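# Remarks on the overall topology
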Amino acid sequence: MSPAKLVIALTKGRILDEVLPLLEQAGVTPQEDIRNSRKLLFDSNLPNVRLMVIRGSDVPTYVELGSADIGIAGKDMILEYGSQGFYEPLDLKLARCRLMTAAAVGARLDGPRLRVASKFVNIAKRFFAEQGRQVDIIKLNGALELAPLMGLADCIVDIVDTGKTLKAHGLESRDWIADVSTRVIVNRAAMKIKHAEVQALLQRLQQAVERQQVV
Ligand code: AMP
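Reading the values: the criteria
- Residues numbered from 1 in each chain as written.
- Predicted model: local features only at pLDDT ≥ 70, side-chain atom pairs only at ≥ 80, totals over all residues.
- Heavy atoms only, no water.
- Helix = DSSP H or I, 4+ residues; strand = E, 2+ residues; numbered from the N terminus.
- Buried < 20%, exposed > 50% of the residue type's maximum accessible area, 1.4 Å probe, protein only.
- Contact = heavy atoms within 4.5 Å.
- Areas by Shrake-Rupley, 256 points an atom, 1.4 Å probe, with all protein chains shown as cover.
- Pairing = 2+ DSSP bridges.
- Phe/Tyr/Trp six-rings, centres within 6.5 Å; stacked < 30°, edge-to-face > 60°.
- Salt bridge = Lys/Arg side-chain N within 4 Å of Asp/Glu carboxyl O.
- Near = heavy atom within 4 Å.
- Polar contact = N/O pair within 3.5 Å; in protein donor to acceptor, adjacent residues only side chain to side chain.
- Nonpolar A, V, L, I, M, F, W, Y, C, P; charged D, E, K, R; others polar.

### Here's the deal with the overall build of the protein
Across its full length, the protein holds 8 helices and 11 strands. Referenced to the eigenvectors of the C-alpha coordinate spread, the extents of the protein come out at roughly 65 × 35 × 30 Å. Looking at the protein as a whole, 44% of its 215 residues are labelled buried. Sequence separation of at least 24 residues holds for 68% of the intrachain contacts in the protein that already meet a minimum separation of 6. Looking at the protein as shown, the accessible area adds up to about 11500 Å², and 51% of this sits on carbon and sulfur atoms.

Spelled out as structure tokens, the structure:
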């Protein structure tokens, strides 16, 4: 019997650059230069594996709905998507950072109703609800650091790595929300129906992650 076909949805950008070498170590290489192509769907060296390159925020959607069997995306995108509709069996330990709240250095955030700007509106809503705080969430798509500076918001929920971006804008991180790294997610039906192929790939990826940790 020929192996079941697998579609892997990859996140474009920074995550793709870090994931391609890991995939290669796991025995999957795109048939063409994936980083410098306008195409979105690629064959690989394995006849049964195809690769899609899409926005990280779309990876959970493709995997939950089964148009991709496997997805590779940041934990921030998975948390923001907010569904439990797929498995998350493997942490690739790449593109590590934290989701934090941040505000102007020394600013007091004890008013009755906070204005919170973020790209991660679902994460922000959940976090402040758990804190029992009343907030108005303002959706932005980038340059979140500007929001407190320009008086649009009291604080932001954003990705922090070194903290340099916050510092350069007179901001400081406040509350930790979650640790973020690149994760592998798997469609629930594919995990059963394509079990052998999915497990074999997960195992090879796991070994590649372990090798990478040792280096
Ligand atoms: P830093 O100045 O090192 O704290 O980096 C913060 C900025 O870099 C954030 O505003 C993000 O836009 C971006 N960034 C850093 N690490 C990541 C990551 N792992 N995934 C996505 N964006 C990141």
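### Focus: the pairing of strand 6 (residues 97-104)
Two faces belong to every sheet, and in a regular strand the side chains alternate between them. Summarising burial for strand 6: 6 of the 8 residues are buried, a large majority. Note: strand 6 against strand 10 (residues 171-180), 7 bridges, orientation antiparallel. Residue pairing in the sheet places M100 in a bridge with W176 of strand 10. By the bridge criterion, 6 bridges tie strand 6 to strand 9 (residues 155-160) in an arrangement that is antiparallel. Opposite M100, over in strand 9, you have D158 as the bridge partner.

### Here we look at the packing of aromatic side chains
Applying the stated rule across the entire model yields 2 aromatic pairs. Centroid distance Y81 to F86: 6.1 Å. Interplanar angle 25°. Geometry classified as stacked. Residue Y81 is classed as partly exposed on the basis of its relative accessible area of 27%. Residue classification places F86 among the buried positions, given a relative accessible area of 7%.

### Things to note about the pattern of salt bridges
Following the criterion strictly, the structure yields 10 salt bridges and no others. With its nearest N and O atoms 3.0 Å apart, the salt bridge here joins D69 to K194. Residue D69 is located in the loop between helix 2 (59-64) and strand 4 (70-74), and its partner K194 is located in the loop between helix 7 (188-193) and helix 8 (195-214); the two are separated by 125 residues in the primary sequence. Given a relative accessible area of 7%, D69 falls into the buried group. With its nearest N and O atoms 3.6 Å apart, the salt bridge here joins D91 to R183. Placement of D91 in strand 5 (residues 86-91) and of R183 in strand 11 (residues 182-187) is noted, with a sequence separation of 92 residues between them. By relative accessible area, which is 25% here, D91 ends up partly exposed. The buried category is assigned to R183, whose relative accessible area is 14%. Salt bridges sharing partners connect three or more residues here, namely K75, E88, D91 and R183.

### Some thoughts on the site of the ligand
Surrounding the ligand, one finds R14, A95, C97, E145, D158, I159, V160, D161, T162, G163, K164 and T165. Contacts to the ligand include G163, whose backbone N or O atom sits 2.7 Å from an oxygen atom. Burial of the ligand by the surrounding chains reaches 76%, relative to a free accessible area of 490 Å². The set of elements that each furnish at least two residues to the shell around the ligand consists of strand 9 and helix 6 (164-168). Counting residues per element, the shell around the ligand draws most heavily on strand 9, which supplies 3 residues. The residue makeup of the shell around the ligand, split by class, is 4 nonpolar, 3 polar and 5 charged.

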